[in-house]
Amino acid sequence: MVFQLLEKQAETHSRDQFQLEKLKFLQNYTCLDRQALEQFVQVLMEAWEKGVSPEGNSTNPSNWDFSNSFFFAGTVVTTIGYGNRSPSTVAGQVFCVFYALFGVPLNLAFLNQLGKGLNAHLMMLERWVQKEGRAQVVQTLAVAVFLTTGTLLFLVFPPLVFSYVEGWSYGEGFYFTFITLSTIGFGDYVVGTNPNKHYIPLYRSLTAIWIVFGLAWLALVFNVGADLMEKFLQLKWHKPDLSLAEGDTTKLEDEPEQPRNSVLLAICIQEIQAPTLHQNR
C-alpha cells in the first residue's frame, strides 16, 4: 500500500509524459504514422532487453569486454542479478547455468570463511579484553569501530565515487550501493553503462571486488540485527508467559486445596504413575 501511494502517481505522470512526447514526435515528422512509430519503439525495447543501449551508435564500447564480463560474472555468483545484461546465445546461457551452479556455492563458502576470519579476530580481542578486565567497554568500542569503519568504506564513501563517475546525485549513489550490497539488484542503476562516458578499464572490476567484501560486511550486520530482533521478540513473547506463571503461583499459594489446578493434577499423575512404573520394573 505504501509503495502504491508513493509510486503510482509518478508512474501515471511518466506514462502521460511519454504519450505526449510521442504525439509531438508525430506532429513534427508527418511522414510517419502511429503504427510505424510503435514498431520503432518495439525495436528499441528489444534492443534494451538484450543489453544494447539505444543511445549512440555502433562505436559504443562492447558490453562483453573483459571488464564488463568480469563484472557480470561477479553479479552472477553474488546472486545480485541486475537484469540489465544477460547472455543471448544458447552457449552463453548454458555456460551461465553451470557457472552459477558451481560459482554461487563457492562464493558462499568464501564469504563464510571471510566471516569466520572476522569472528576469529573478534574472539582474540575478546580473550585479550577478558584478561584486561575491561570487557564491556572494549566490546562496545570494538562494535562501534566495526560498524563505523564498515559504514564509511561500504556505504558512505562509495556513493561519492559513483556520483562523481556516473553523474548521479549522492542519494542515487547511496541507493545503488545499498540495493547492490543487499543483493536486491533492481537494475535501475548500474555502474559503467552510460555510453556517453569513458570508463577506465579497471572501474567495473574494482567495483566487483568492492561488492564481494561489502556483501560480507553487510551480511554480518544483518546477522547481528536479526539476532537482536530475535532476542527482543523472545523477551516480548516470554513476558506474558512469565505473568501467567506468576499468576498461577499466586493462585496456588492462595488456593492450595483446589484440585482443578493443572499443575497439581500433573504432580498427582506423576505420583500415581511412579509406584506403578517401579512395580513393572
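Residues numbered from 1 in each chain as written. Predicted model: local features only at pLDDT ≥ 70, side-chain atom pairs only at ≥ 80, totals over all residues. Heavy atoms only, no water.

**Here's the deal with unusual backbone geometry**
At step 1: Non-glycine residue T79 carries a positive phi angle of around 60°.
At step 2: Turning to its location among the elements, T79 is positioned in the loop between α3 (66-77) and α4 (90-132).
At step 3: When its relative accessible area of 47% is taken as the criterion, T79 is described as partly exposed.
At step 4: Its identity is not glycine, yet T183 carries a phi of approximately 60°, on the positive side.
At step 5: Here T183 shows up in the loop between α6 (170-181) and α7 (203-254). (Helix = DSSP H or I, 4+ residues; strand = E, 2+ residues; numbered from the N terminus. Buried < 20%, exposed > 50% of the residue type's maximum accessible area, 1.4 Å probe, protein only.)

**Structural notes on the packing of aromatic side chains**
For any pair of aromatic rings, the description rests on two quantities: the centre-to-centre distance and the angle between the ring planes.
At step 1: Throughout the structure, instances matching the rule amount to 14 aromatic pairs.
At step 2: An angle of 75° between the planes, with centres 5.1 Å apart, marks the rings of W64 and F72 as edge-to-face.
At step 3: Taking the relative accessible area as the measure of exposure, W64 reaches 39% and is therefore partly exposed.
At step 4: Accessibility expressed as a relative area gives 15% for F72, which makes it buried.
At step 5: With a centroid separation of 6.1 Å and an interplanar angle of 20°, the aromatic rings of Y82 and F176 are classed as stacked. Of this pair, Y82 sits in the loop between α3 and α4 while F176 sits in helix α6, placing them 94 residues apart in sequence.
At step 6: Among the aromatic residues, those joined into a cluster by ring pairs are F71, Y82, F162, W168, Y175, F176, Y189 and W210. (Phe/Tyr/Trp six-rings, centres within 6.5 Å; stacked < 30°, edge-to-face > 60°.)

**Quick look at α6**
At step 1: In a regular helix each residue adds 1.5 Å, so 12 residues correspond to 16 Å; α6 covers 16 Å between its end C-alpha atoms and thus fits that length.
At step 2: Those residues of α6 not exposed but buried are G173, F176, T177, I179, T180 and L181.
At step 3: Directly beyond the C-terminal end of α6, a positive phi value near 60° is found at T183. (Expected span 1.5 Å × (residues − 1).)

**Comments concerning the pattern of salt bridges**
At step 1: Under the counting rule described, the total for this entry stands at two salt bridges.
At step 2: Residue E11 is joined to R15 by a salt bridge in which the shortest nitrogen-to-oxygen separation is 2.9 Å. Linking E11 with R15, this pair stays in helix α1 (residues 2-28), spanning four residues, or about one helical turn.
At step 3: According to the relative accessible area criterion, E11 is partly exposed, its value standing at 43%. (Salt bridge = Lys/Arg side-chain N within 4 Å of Asp/Glu carboxyl O.)

**Quick notes on α3**
At step 1: Helix length check: α3, at 12 residues, gives a terminal C-alpha distance of 17 Å against a target of 16 Å (1.5 Å per residue), a fit within 8%.
At step 2: The complete set of buried residues in α3 reads S67, N68, F71, F72, G74, T75, V76 and V77.
At step 3: Phi turns positive, to about 60°, at T79, one or two residues after α3.

**Quick notes on the packing of α1 against helix α2 (residues 34-49)**
At step 1: Running from N to C, α1 and α2 point in directions that differ by 125°, and their axes come no closer than 11 Å. The orientation of α1 relative to α2 falls into the category oblique. For the element pair α1 and α2, the recorded crossing hand is right-handed. Contacts between α1 and α2 involve F18, Q19, K22, L23, F25 and L26 from the first element and R34, L37, E38 and V41 from the second.
At step 2: Each residue belonging to the contact of α1 with α2 can be placed in one class, and the counts come to six nonpolar, one polar and three charged. (Axes fitted to C-alpha atoms, helices over the stretch in contact; angles between N-to-C directions. Parallel < 35°, antiparallel > 145°, perpendicular 65-115°, else oblique. Left-handed = near helix turned anticlockwise from the far one by under 90°. Contact = heavy atoms within 4.5 Å. Nonpolar A, V, L, I, M, F, W, Y, C, P; charged D, E, K, R; others polar.)

Just geometry here; none of it tells us what the structure is for.
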